[in-house]
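# Coordinate inspection notes
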Amino acid sequence: MEGCALRECLVIYVDAALDKNGRAGCGLAVFIRGRALYTESFGFAHDGGSAQLEAHVCAAALDLAAARWPLHRVIVRTDCAPVVRSRCPSSDSFRAAVHEVRERCRRGHRVVRYVSRKANPAHELAREGLKSLLKQTLLVAA
């Protein structure tokens, strides 16, 4: 990115919802100049904890930004405070997930910041992703 002017800033809101049976939903909302550019929600199986899942979602959002909008500055916003604020993550799996996020931030003009759940437009998308997975499970079982 050296020598080329960066375009304006993208804000990517992310969230994840996890149920007690290891089913997860993910929501992602990309904004530029306060307007939605891209949204997505989906469900999948997840074996780890919720903070680890949120860290993986942040890392995936950083990868998406690098691939689709490489010349933009990026702020990823999550409502999972441990992903943003943990100095010494408690478990090995969470430590590895937070390390993934920090490594991706070092590659360019990308940061991860905290946002309240109430102000996170991806929160409802994550719930929709989890609901879609539950519907698929019910259809397969029927």
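Residue positions are given per chain, counting from 1 as you read along its sequence in written order. Since the coordinates come from a predicted model, pLDDT governs what is reported: local features require at least 70, and pairs of side-chain atoms require 80 or more to be given and counted, while whole-chain, interface and lining totals use all residues. In computing side-chain properties, one takes all heavy atoms of the structure into account and sets aside hydrogens as well as water.

### Let's talk about the side chain of arginine 104
Strands here mean DSSP runs of E at least two residues long; helices mean DSSP runs of H or I at least four residues long; both are numbered from the N terminus. With respect to the helices and strands, the residue arginine 104 is situated in helix 3 (residues 92–106). Each residue gets one of three labels from its accessible area relative to the maximum for its type: buried under 20%, exposed over 50%, partly exposed in between, using a 1.4 Å probe on protein chains only. Residue class for arginine 104 comes out buried when judged on its relative accessible area of 16%. In this structure the side chain of arginine 104 is engaged in a polar contact, spanning 3.1 Å, whose partner is the backbone oxygen of glutamate 100. Polar contact is defined as a pair of N or O atoms within 3.5 Å, subject to the rule that within protein one atom must be able to donate a hydrogen and the other to accept it, and that residues adjacent in sequence are counted only when both atoms are side-chain atoms.

### Regarding the packing of aromatic side chains
Only centres within 6.5 Å qualify two rings of Phe, Tyr or Trp (six-membered ring in Trp) as a pair; their planes then separate them into stacked at under 30 degrees, edge-to-face at over 60, and tilted for everything else. The tally for this structure, following the rule as stated, stands at three aromatic pairs. Residues tyrosine 38 and tryptophan 69 carry aromatic rings whose centres are separated by 6.3 Å and whose planes lie at 65 degrees to one another, so their mutual orientation is edge-to-face. Taken as a pair, tyrosine 38 in strand 3 (residues 35–45) and tryptophan 69 in the loop between helix 1 (50–68) and strand 4 (72–78) lie far apart in primary sequence, 31 residues in all. For tyrosine 38, a relative accessible area of 21% translates into the label partly exposed. Judged by centre distance (5.7 Å) and plane angle (35 degrees), the ring pair of phenylalanine 42 and phenylalanine 44 falls under tilted. Look at phenylalanine 44 and you get partly exposed, because its relative accessible area is 24%. Remark: a charge is flagged as sitting over a ring if the NZ atom of Lys or the CZ atom of Arg is within 6 Å of the ring centre and within 35 degrees of the ring normal. When the ring centre of tyrosine 38 is taken as reference, the NZ or CZ atom of arginine 68 above it lies at 4.7 Å. It is arginine 85 that lies over the ring of tyrosine 114; its NZ or CZ is 4.6 Å from the centre.

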